[in-house]
Amino acid sequence: VQLQASGGGLVQAGGSLRLSCAASGRTFSSYAMGWFRQAPGKEREFVAGITLRGGGTNYADSVKGRFTISRDNAKNTVYLQMSSLKPEDTAVYYCAADLRAIATMISWEYDYWGQGTLVTVSS
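Residues numbered from 1 in each chain as written. Predicted model: local features only at pLDDT ≥ 70, side-chain atom pairs only at ≥ 80, totals over all residues. Heavy atoms only, no water.

Visitor: How should the overall build of the protein chain be read in this particular structure?
Guide: A count of helices and strands for the protein chain gives zero helices and 11 strands. In sequence order, the secondary structure elements of the protein chain are arranged as β-β-β-β-β-β-β-β-β-β-β. The globule rule puts the C-alpha radius of gyration for 123 residues at 14 Å, and the 13 Å found for the protein chain is close to it. Across the 123 residues in the protein chain, those meeting the buried criterion constitute 43%. Intrachain contacts of the protein chain at a sequence separation of at least 6 include 56% that bridge at least 24 residues. (Helix = DSSP H or I, 4+ residues; strand = E, 2+ residues; numbered from the N terminus. Rg over C-alpha atoms; globule rule 2.2 N^0.38 Å. Buried < 20%, exposed > 50% of the residue type's maximum accessible area, 1.4 Å probe, protein only. Contact = heavy atoms within 4.5 Å.)

Visitor: Honestly, the state of the cysteines in this entry has me stumped. Any pointers?
Guide: Among covalent bonds in proteins, the disulfide is the one between the sulfur atoms of two cysteines. Applying the stated criterion across every chain, the model contains one disulfide. Each sulfur in the disulfide pair cysteine 21 and cysteine 95 lies 2.1 Å from the other. Of note, the bridge from cysteine 21 to cysteine 95 carries an S-S torsion of about 60 degrees and is right-handed in sense. Here cysteine 95 lies in strand β9 (residues 91–98) and cysteine 21 lies in strand β3 (residues 17–24), a separation of 74 residues in the sequence. (Disulfide = S-S within 2.5 Å.)

Visitor: Can you walk me through the side chain of aspartate 89 in this structure?
Guide: Positionally, aspartate 89 belongs in the loop between β8 (77–82) and β9. Looking at aspartate 89, its side chain comes within polar contact range of the main-chain nitrogen of lysine 86, at 2.8 Å. (Polar contact = N/O pair within 3.5 Å; in protein donor to acceptor, adjacent residues only side chain to side chain.)

Visitor: Explain the pairing of strand β5 (residues 45–50) here, please?
Guide: Along a regular strand, successive side chains alternate from one face of the sheet to the other. The element β5 is largely enclosed, with a buried count of five among its six residues. Relative to β5, strand β4 (residues 32–38) runs antiparallel, the two sharing five bridges. Within β5, the position partnered with methionine 33 by the bridge is isoleucine 50. In this antiparallel pair of consecutive strands, β4 and β5, the connection spans six residues, and glycine 41 shows a positive phi of 75 degrees. With antiparallel pairing between neighbouring strands as the criterion, β5 and strand β6 (residues 57–59) make up a hairpin whose turn holds six residues, including glycine 54 at a positive phi of roughly 85 degrees. (Pairing = 2+ DSSP bridges.)

Visitor: Would you explain the packing of aromatic side chains in this entry?
Guide: Each aromatic ring pair is described using two quantities: the centre-to-centre distance and the angle formed by the ring planes. Taken as a whole and assessed by the stated rule, the structure comprises six aromatic pairs. Look at phenylalanine 36 and tyrosine 110: their rings are 5.1 Å apart centre to centre, the planes differ by 80 degrees, and that puts the pair in the edge-to-face class. Residue phenylalanine 36 is found in strand β4, and its partner tyrosine 110 is found in the loop between β9 and β10 (112–113); the two are separated by 74 residues along the sequence. Tyrosine 110 shares its class with phenylalanine 36; the two are buried. Where tyrosine 94 meets tryptophan 113, the ring centres are 6.5 Å apart and the plane angle is 80 degrees; that geometry is what we call edge-to-face. In this pair, tyrosine 94 is assigned in strand β9 and tryptophan 113 in strand β10, connecting sequence segments 19 residues apart. Members of the aromatic cluster, joined through ring pairs, are Phe36, Phe46, Tyr94, Tyr110 and Trp113. (Phe/Tyr/Trp six-rings, centres within 6.5 Å; stacked < 30°, edge-to-face > 60°.)

Visitor: Whenever I open this one, the pairing of strand β11 (residues 117–122) confuses me. Can you help?
Guide: Burial of the side chains of β11 is restricted to one face: Thr117, Val119 and Val121 are buried, whereas none of Leu118, Thr120 and Ser122 on the reverse face is. Direction of pairing for strand β2 (residues 9–12) relative to β11: parallel, over a ladder of four bridges. Residue pairing in the sheet places leucine 10 in a bridge with threonine 120 of β11.

Visitor: Could you clarify how one ought to interpret the environment of glycine 56 in this entry?
Guide: Relative to the elements of secondary structure, glycine 56 occurs in the loop between β5 and β6. For the pair glycine 56 and alanine 32, spaced 24 residues apart in sequence, the C-alpha separation works out to 9.6 Å.

Have a look at this one:
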């Protein structure tokens, strides 16, 4: 599985961004997807996950109500819509594929990772 994340950039606090992650190399609907982020000097943390067909989603408490994960299996793409962004959301955001298809919150249980896209939120 190859994953290509995009959509990061610089945005003011309160603004919105949509991240995309395009997948290839395996039937996209056969694995769950997740988004993680890593801020400078911090551990990588779970942001959101989505099951095979999008019927199940889960979120970190810090982003609930502000971020929405979705997927389009016809386009082999998972999205992360981010709204009401805060400076503490600044991080490199990574998409990841979970071949066990449960959209776990645990990073080491994901099998494939994209290269990351930088989101910077200015105050």
